[in-house]
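Analysis of the macromolecular model
So the chains spell out like this:
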Amino acid sequence: MAAQYAVAHSGSVVGVGSIAGPGWGCADSSISQAINACMCGRQALVSKVAAARKLAASGAVDQLASGKPRELARSYVFQSASDATVVMQSGKASRNFLSSFIGRSTVFDNGNATDDSVHAGHGIISPDGTDSCESDGKERTYVRRCGAEDNAGKLFNALYGDGAPFDPSKRISNIPESEVWQFDQQELIDQVKAAGNSVALDMAWWPFTSPRRSNYDMADVGYIYVPPVCRSAAQGTCRVHVALHGCKQNAKDFATTAGYNNWAEYYHAIVVYPAVQPDVPVPEEVCAVPPASPFLDVGWAKPNPNGCWDWWGYLDDWSVKKNRYLTNAAPQMQVIERIIDRVTGPLQTPP
């Protein structure tokens, strides 16, 4: 989803990171392809660079300048070889896509043997992680601890470090959970809903629209961390970094343990955590079960039990154009855009 938003808004987003995520446009609006090809590597992956450029030429996403994004210039990809949910093939496809689309090499990280992060299971790695480094079937937050390995810190360094080597000593520890503030996401969801965006039904509620699906599967609240350096206009300007949680992750847990806040002061970054509403997740690792049937792709109702962002088109029903989820017209993308506008816009005085 991070790559989707960055490509769609490449005229304003300056950098993008993908941690244990599938490549841009891989699913082609098909959940069976999303699982079998993008996540599990059971099918060959093809380059999607031409498709992204075609969307840009059509105006469905931000237009390019001489074939390259106007602002998007840096990218970071982490992919562990032992990830049994999104395999290394997808990580490499994501790296290759971003390098070609941006026109600049992507920083590619697959962990290291010193802290065993090369064998990490699916998730994000943080020194404050609550889950074991390797998969053990007891995952709770999918924020993993592999010694001092720090996905968020290396991501920030790749996007904002101006070529400086990664310096773990700049990390700030012990940020109180109370410093992560909650914000009203529902207000912004309602603004997008007012525009009349149609969505596919939620499979568990067919033929009715569930409250969750009518909200684009998004939660009514999100989270934000504003480091001390960004709390006063006298201290200068700060960038905004949007951190999107993964499937099966609770947004609050992600916002307090994934590690972005520990680097926010050093990089002068306000970190925003939009949220998808959790559902009842599938317990198994998806690549450990039999291949997904194409039958899942047929119907008005599309499931999202693991609380994922819409990276395969589960909100797009048959009445709307295929691949809307990749464009600026996608409902979740529009909500994220409004969140960024709210954070970067003029200060609002409460009534």
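The notes below deal with the structure included here. Per chain, residue numbering runs from 1 following the sequence as it is written. Where totals are concerned, whole chains, interfaces and linings use all residues; where local detail is concerned, this predicted model gives features only for residues with pLDDT of at least 70, and gives and counts side-chain atom pairs only at 80 or more. Excluded from the side-chain calculation are hydrogens and water; included are all heavy atoms of the structure.

Some points on the packing of helix α6 (residues 186-193) against helix α10 (residues 331-344)
To keep things clear, this is the line we draw: Axis definition: a line fit to C-alpha positions, over the contact stretch in the case of helices; interaxial angles, taken between N-to-C directions, run 0 to 180 degrees. In this text, helices come from DSSP runs of H or I with a minimum length of four residues, and strands from runs of E with a minimum of two, each type numbered from the N-terminal end. Each angle receives one of four descriptions, namely roughly parallel if under 35 degrees, roughly antiparallel if over 145, roughly perpendicular if within 65 to 115, and oblique otherwise. We call a crossing left-handed when the near helix sits turned anticlockwise from the far one by less than a right angle, and right-handed when that turn is clockwise. Throughout, a residue-residue contact means that at least one pair of heavy atoms, one from each residue, lies within 4.5 Å. Note that Gly is not counted as nonpolar here; it falls among the polar residues with everything else outside the nonpolar set of Ala, Val, Leu, Ile, Met, Phe, Trp, Tyr, Cys and Pro and the charged set of Asp, Glu, Lys and Arg.
The interhelical angle for the contact between α6 and α10, taken along N-to-C directions, is 130°, at an axis separation of 9 Å. Looking at the two axes, α6 sits oblique to α10. In the crossing of α6 with α10, the sense of the turn from one axis to the other is right-handed. In this structure, α6 contributes Glu187, Leu188, Ile189, Gln191 and Val192 to the contact, and α10 contributes Pro331, Gln334, Val335, Arg338, Ile339 and Arg342. Residues belonging to the contact of α6 with α10 are distributed by class as follows: six nonpolar, two polar and three charged.

Overview of the pairing of strand β2 (residues 74-78)
For clarity, the cut-off: For the exposure calls, accessible area comes from a 1.4 Å probe over protein chains only, and a residue counts as buried if that area is under 20% of its type's maximum, exposed if over 50%, partly exposed in between. In short, DSSP must find at least two bridges between two strands for them to pair.
For β2, the buried fraction is high: four of the five residues fall into the buried class. Of the strand pairs in this sheet, strand β1 (residues 15-19) and β2 are connected by five bridges, and their pairing is parallel. Paired with Gly15 across the two strands is Arg74, which belongs to β2. Examined bridge by bridge, β2 and strand β3 (residues 107-109) share three bridges and lie parallel to one another. Opposite Phe78, over in β3, you have Asp109 as the bridge partner.

Notes on the sheet that holds β3
The strand order across the open sheet formed by three strands is β1-β2-β3, and the pairing between neighbours is parallel. Each having just a single partner strand, β1 and β3 make up the two edges of the open sheet. Here the strands of the sheet are splayed against their neighbours by 10° on average, with no regard to which way each runs. Sheet contacts for helix α4 (residues 88-102): β1, β2 and β3; angle to β2, the most-contacted strand, approximately 175°. Packing against the sheet, helix α5 (residues 151-160) makes contact with β1, β2 and β3, and its axis sits at approximately 155° to β2.

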